[in-house]
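Chains, contacts and geometry: an overview
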Amino acid sequence: MAGNLPIKRIFEVPAFTTPDGTLHLWPCFHRSPIFTAGGHDWSISYYPESIYSSDSIDLCLQLESEGAGVTISSSVALLDPTPSLPLFKLVEESPPMELEHAITSRSTVTHWVPKSKLSAVPVGDRDSLIFVWAITILTQTPMPVPKPEPMMPVPEPELMPLPLPLPEPEPEPMMAAMPEVPAEDVAPPSPVPATTTDVAPEAKVPAADVTYSVGGQLFHAHKVVLATRSPVFEAQLFGGPTSTAEASQAPAAAVEVDDMRPDVFEALLHYIYTGTLPATEGEAADDEDASHQMMRHLLVAADRYDLEGLKLLCEGELARTLGEGNVAEMLAFADDHYCSTLKDACVGFMVASPAERMERVVASYGYQRLRLRHPLILVDVLEKSLMFRKA
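As the structure is a computational prediction, the values presented were derived from the model and not from experiment.

**A closer look at the pattern of salt bridges**
In this structure the tally under the stated criterion is nine salt bridges. For E64, the salt bridge is made with R31, and the minimal N-O distance between the two is 3.1 Å. Here R31 lies in strand 3 (residues 30-31) and E64 lies in the loop between strand 6 (56-63) and strand 7 (68-78), a separation of 33 residues in the sequence. Residue class for E64 comes out buried when judged on its relative accessible area of 9%. Here R360 and E324 are joined by a salt bridge, their closest N and O atoms 2.6 Å apart. Here R360 is found in helix 9 (residues 355-362), whereas its partner E324 is found in the loop between helix 6 (308-319) and helix 7 (327-336), with 36 residues between them in sequence.

**Concerning the confidence of the model for the chain**
Residues shown with low pLDDT carry predicted positions that ought not to be read at fine detail. Chain-level pLDDT for the chain is 75 on average; 71% of the residues reach the 70-or-more range. In this model residues 175-206 is a low-confidence stretch, pLDDT under 50, and it forms 28 contacts with partners more than four residues away in sequence or in other chains. Across residues 241-251, confidence stays below pLDDT 50; counting only partners more than four residues off in sequence or on other chains, it has 17 contacts.

**Description of a nonpolar patch on the surface**
A cluster of nonpolar side chains, namely I51, Y52 and W112, defines an oily patch on the protein surface of about 400 Å² accessible area. Along the chain, I51 turns up in the loop between strand 5 (40-47) and strand 6. Residue I51 is classed as exposed on the basis of its relative accessible area of 71%.

**A short note on the sheet that holds strand 12 (residues 210-214)**
What the three strands build is an open sheet, ordered 13-12-14; its pairing is mixed. The open sheet terminates on both sides in strands that have one partner only, identified here as strand 13 (217-221) and strand 14 (255-256). In terms of strand pairing, strand 12 meets strand 14 through two bridges, oriented parallel. Paired with Y212 across the two strands is V255, which belongs to strand 14.

**Considering the packing of helix 6 against helix 8 (residues 340-351)**
With their axes 8 Å apart at the nearest point, helix 6 and helix 8 run at an angle of 15° to one another. Our classification of the angle between helix 6 and helix 8 gives roughly parallel. As helix 6 runs across helix 8, the sense of the crossing is right-handed. From helix 6, L312, E315, L318 and A319 reach across to helix 8, where they touch S340, T341, L342 and A345. By residue class, the composition of the contact of helix 6 with helix 8 is five nonpolar, two polar and one charged.

**So, the packing of aromatic side chains**
The full count for this structure, using the stated rule, is five aromatic pairs. Here the aromatic rings of F29 and Y47 are separated by 5.1 Å at their centres, their planes lie at 50°, and the arrangement is tilted. On the criterion of sequence distance, the pair formed by F29 in the loop between strand 2 (23-25) and strand 3 and Y47 in strand 5 is long-range, its members being 18 residues apart. Residue classification places Y47 among the partly exposed positions, given a relative accessible area of 35%. Put simply, the rings of Y212, F219, F233, F265 and Y305 touch in pairs and so form one group of aromatic residues. Between R296 and the ring centre of F333, over which it is positioned, the NZ or CZ distance is 5.2 Å.

**A few points about helix 4 (residues 262-274)**
Given a rise of 1.5 Å per residue, 13 residues ought to cover 18 Å, and the 18 Å separating the end C-alpha atoms of helix 4 matches this to within 8%. When we look at burial in helix 4, the residues that qualify are P262, V264, F265, A267, L268, L269, Y271, I272 and Y273. Where helix 4 is buried, its residues touch strand 12, strand 13, helix 2 (223-229), helix 3 (231-238), helix 5 (288-304) and helix 6. Looking at the residues trailing helix 4, positive phi occurs at G275, about 75°.

**Some remarks on the environment of L382**
Position of L382 relative to the elements: it lies in helix 11 (residues 375-390). For the pair formed by L382 and M350, sequence separation is 32 residues and the distance between their alpha carbons is 9.7 Å.

About the criteria used
- Residues numbered from 1 in each chain as written.
- Predicted model: local features only at pLDDT ≥ 70, side-chain atom pairs only at ≥ 80, totals over all residues.
- Heavy atoms only, no water.
- Salt bridge = Lys/Arg side-chain N within 4 Å of Asp/Glu carboxyl O.
- Helix = DSSP H or I, 4+ residues; strand = E, 2+ residues; numbered from the N terminus.
- Buried < 20%, exposed > 50% of the residue type's maximum accessible area, 1.4 Å probe, protein only.
- pLDDT = per-residue confidence, 0-100.
- Contact = heavy atoms within 4.5 Å.
- Patch = residues over 30% accessible without salt bridge, like charges linked within 9 Å, V, L, I, M, F, W, Y side chains within 5 Å.
- Areas by Shrake-Rupley, 256 points an atom, 1.4 Å probe, with all protein chains shown as cover.
- Pairing = 2+ DSSP bridges.
- Axes fitted to C-alpha atoms, helices over the stretch in contact; angles between N-to-C directions.
- Parallel < 35°, antiparallel > 145°, perpendicular 65-115°, else oblique.
- Left-handed = near helix turned anticlockwise from the far one by under 90°.
- Nonpolar A, V, L, I, M, F, W, Y, C, P; charged D, E, K, R; others polar.
- Phe/Tyr/Trp six-rings, centres within 6.5 Å; stacked < 30°, edge-to-face > 60°.
- Lys NZ or Arg CZ within 6 Å of the ring centre and 35° of its normal.
- Expected span 1.5 Å × (residues − 1).

Next up, the structure:
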């Protein structure tokens, strides 16, 4: 294992400690968004009751990349929220394990942790347990590629007699030479118009073959890249299987995109070409609200173009912004756009909140709108709250 550095991933599970020191864990299944580590996609799941012991929990690391083969070792630690103490090891580094993910099966590493160990580190004011999963990639083995079946021998064609040579045609009369045109009278070739935004280096090459007009700004891209990442773009550009209002538009010199801001479409193209969200490091505190609004618009755009990976990334970013003042409004937004991951995060935040925090949530303007527009969600919140308090 020398030379292989572990890749650490934080996984947060709602929990709280009562004044008498009793730890209460989240009583429902909880799963992280899919993340990338060592060139493969993974997810982490939490089960409140282990299959090995009722006094333990199960933490499962699942390989999500189809057709992948990898050998790893892993360990799990608990982070002190203060952080005045070092990481508290829950599971020591495991021996090497070979994982393979075929289309019909998924490979999972399961670590079970006694609940008594979890009480060693206080939860503090975070109302959650912060697990640190360290993954060490030892070897990566590509899945075997099936050998192609041997081709049937092709019979050689029968030899046909050569035709008699045809008489040579008479030479055509020579045309008069065209007069030379002075160099200053020759118009230079028109350059390929550059995109008005810096979406990705690939979007500026001359091979770009489609242009989108968004709010008066032009964005150049490649049809094959867009169609590969989005079935909606595939339907729009090549007549794919998806049937939407936009799919009926025929690709033109500039495809108009309505009801979307230019910066949102730019971020959408950034994800399509790079697989990541645009960098947001270094933003000022007063720009946080604008960043949150941008992430909402980008999630709606991801839903519009059926980019499930981008939608999950946006849900994860929005889940990190939850607070007393916006959790109810975010829950309504998640219900409107069928965001199950964000919805579970909002419900978990409300359920695990102390009584005084929940009172402030109920007094917020967003909660009043939630009660009028989405009353059935509150039934789900109430049921999970009762389960959480009984646990």
